[in-house]
Amino acid sequence: MSLSLRSGEGCGNSFVLACEAELQATGVGESELGSFARINCGQSYDGLLIVGSAAPDGAVPVRIINRDGSAGGTCLNGLRVAACASGNVDGVFVMDGRRIPWRRVAEGEFALEVGFLDAVGIRPVVVASRKGVDVDFWNPHAVFFVAGVEDLPLLEFAAQCDARTELFPAGVNVEMVKRINLSTLQMRVRERGVGETRACGSGAVAVALAAWREGAEADLEVLMPGGGLRLRRRSDGAVSLAGRASLSDCEITA
């Protein structure tokens, strides 16, 4: 059986997009989604985005399956790709139980409103003598500020974080961050269930929350190998994330 699906890219993260109803119609049921993601994402895509049917209030459910077949939680770069695919100028997504309004701010650029995050838990951690913070923003994140990110053994260090199950019982995304100035940060990330990726939207938010706690500017740019994301914290405490997203066509055979 053949499915004509779309692929998309958001700040360097690449995804396969699938309509939930079409998957079901072609025999890809709930129990097959993990293997479907593993086979069709391979090493080319970071995950499978599954877009459901809109609820009566217009909110559209979206979920992500990581390329290893595990559930991906909340993926903000993926949601911007889903926004691009919708063809609309604004809307509301529901992902992992969270309502996330979005809007198109320019051609190929979309902003997500991630809400009021003052209550997000941030606690100090130490892994392999390196001090960081555990940021409990939707997905688990461990943020470590370092002098430089290019030559760090990220995957080796992330494995050391994984071994600390008393700190991270559900696994953890590991972000290594260099401060460029008060409004610019450089980041590398290892995402659980995926490996090192070119970007991570929820990771960028976690990094911004850690930086804001230490006095960074309210408007931040987080630079990653795949591109930059802009984080803004309004005076009322609400946080938005903006960045580019694009689409292309691909043929998926299952």
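Our structure is the block above this text.
Residues numbered from 1 in each chain as written. Predicted model: local features only at pLDDT ≥ 70, side-chain atom pairs only at ≥ 80, totals over all residues. Heavy atoms only, no water.

Peer 1: Give a description of the overall build of the protein that names residues and reports values.
Peer 2: Counting its regular elements, the protein contains 5 helices and 17 strands. For the protein, whose C-alpha radius of gyration is 18 Å, the value lies close to the compact-globule estimate of 18 Å for 254 residues. Counting all 254 residues of the protein, 50% fall into the buried class. The long-range fraction of contacts in the protein, counting pairs at least 24 apart against all pairs at least 6 apart in sequence, stands at 60%. For the protein, the exposed surface amounts to about 11200 Å²; the carbon and sulfur share of it is 49%. Each charge class in the protein was averaged separately, 25 positive and 31 negative side chains, and the resulting centres sit 4 Å apart. (Helix = DSSP H or I, 4+ residues; strand = E, 2+ residues; numbered from the N terminus. Rg over C-alpha atoms; globule rule 2.2 N^0.38 Å. Buried < 20%, exposed > 50% of the residue type's maximum accessible area, 1.4 Å probe, protein only. Contact = heavy atoms within 4.5 Å. Areas by Shrake-Rupley, 256 points an atom, 1.4 Å probe, with all protein chains shown as cover. Lys, Arg positive; Asp, Glu negative; His and termini not counted. Charge placed at Lys NZ, Arg CZ, Asp CG, Glu CD.)

Peer 1: Break down unusual backbone geometry for me, citing the residues and quoting the values.
Peer 2: In this structure, Cys-11 takes a positive phi of about 55 degrees despite not being glycine. For Cys-11, a relative accessible area of 5% corresponds to the buried category.

Peer 1: Explain the pairing of strand β11 (residues 173–181) to me, and be specific about the residues and the numbers.
Peer 2: Inspection of the sheet shows strand β10 (residues 139–145) paired to β11 by 5 bridges, in the parallel sense. Across the sheet, residue Val-143 finds its bridge partner in β11, namely Glu-175. Traced from β10 through helix α4 (residues 154–163) to β11, the parallel crossover comes out right-handed. Examined bridge by bridge, β11 and strand β12 (residues 184–191) share 7 bridges and lie antiparallel to one another. The residue of β12 that forms the bridge with Val-177 is Met-187. Once β11 ends, the chain turns through 2 residues before running back antiparallel as β12. (Pairing = 2+ DSSP bridges. Right-handed = clockwise from strand over helix to strand, strands pointing away.)

Peer 1: Got a sec to walk through the pattern of salt bridges? Specific residues and values, please.
Peer 2: Enumeration according to the criterion identifies 15 salt bridges in this entry. Among the salt bridges present, the one from Arg-164 reaches Glu-166, with a minimum N-O distance of 2.4 Å. Owing to a relative accessible area of 27%, Arg-164 belongs among the partly exposed residues under this scheme. Between Glu-196 and Arg-188 there is a salt bridge, with its nearest N and O atoms 2.9 Å apart. Counted as one network, the salt bridges with shared partners bring together Arg-103, Glu-113, Arg-234 and Asp-236. (Salt bridge = Lys/Arg side-chain N within 4 Å of Asp/Glu carboxyl O.)

Peer 1: Explain the pairing of strand β15 (residues 227–233) to me, using residue names and the numbers behind them.
Peer 2: In this structure, strand β14 (residues 219–224) lies alongside β15, joined through 6 bridges in antiparallel fashion. By the bridge assignment for β15, Leu-220 is matched with Leu-231. Between β14 and the antiparallel strand that follows it, β15, lie 2 residues. Hairpin connection, β15 to strand β16 (residues 238–244): the antiparallel pair is bridged by 4 residues, and Gly-237 has positive phi, about 100 degrees.

Peer 1: If you had to explain the environment of Trp-212 to someone new, which residues and values would you point to?
Peer 2: With respect to the secondary-structure elements, Trp-212 resides in helix α5 (residues 201–213). Each C-alpha atom of the pair Trp-212 and Val-89 lies 30 Å from the other, and the pair is 123 residues apart in sequence.

Peer 1: Got a sec to walk through the side chain of Thr-74? Specific residues and values, please.
Peer 2: Following the sequence through the fold, Thr-74 ends up in the loop between β4 (60–66) and α3 (76–86). Here the side chain of Thr-74 touches Arg-98 through a polar contact of 3.0 Å, side chain to side chain. Excluding its chain neighbours within four sequence positions, the residues that come into contact with Thr-74 are Met-95, Asp-96, Arg-98, Ile-100, Trp-138, Asn-139 and Ser-202. (Polar contact = N/O pair within 3.5 Å; in protein donor to acceptor, adjacent residues only side chain to side chain.)

Peer 1: If you had to explain α3 to someone new, which residues and values would you point to?
Peer 2: Counting buried positions along α3 gives 8 out of 11 residues, so the element sits mostly inside the fold. Three or more residues of α3 are buried, namely Leu-76, Asn-77, Gly-78, Leu-79, Arg-80, Val-81, Ala-82 and Ala-83. Downstream of α3 by a residue or two, Gly-87 has a phi angle that is positive, lying close to 75 degrees.

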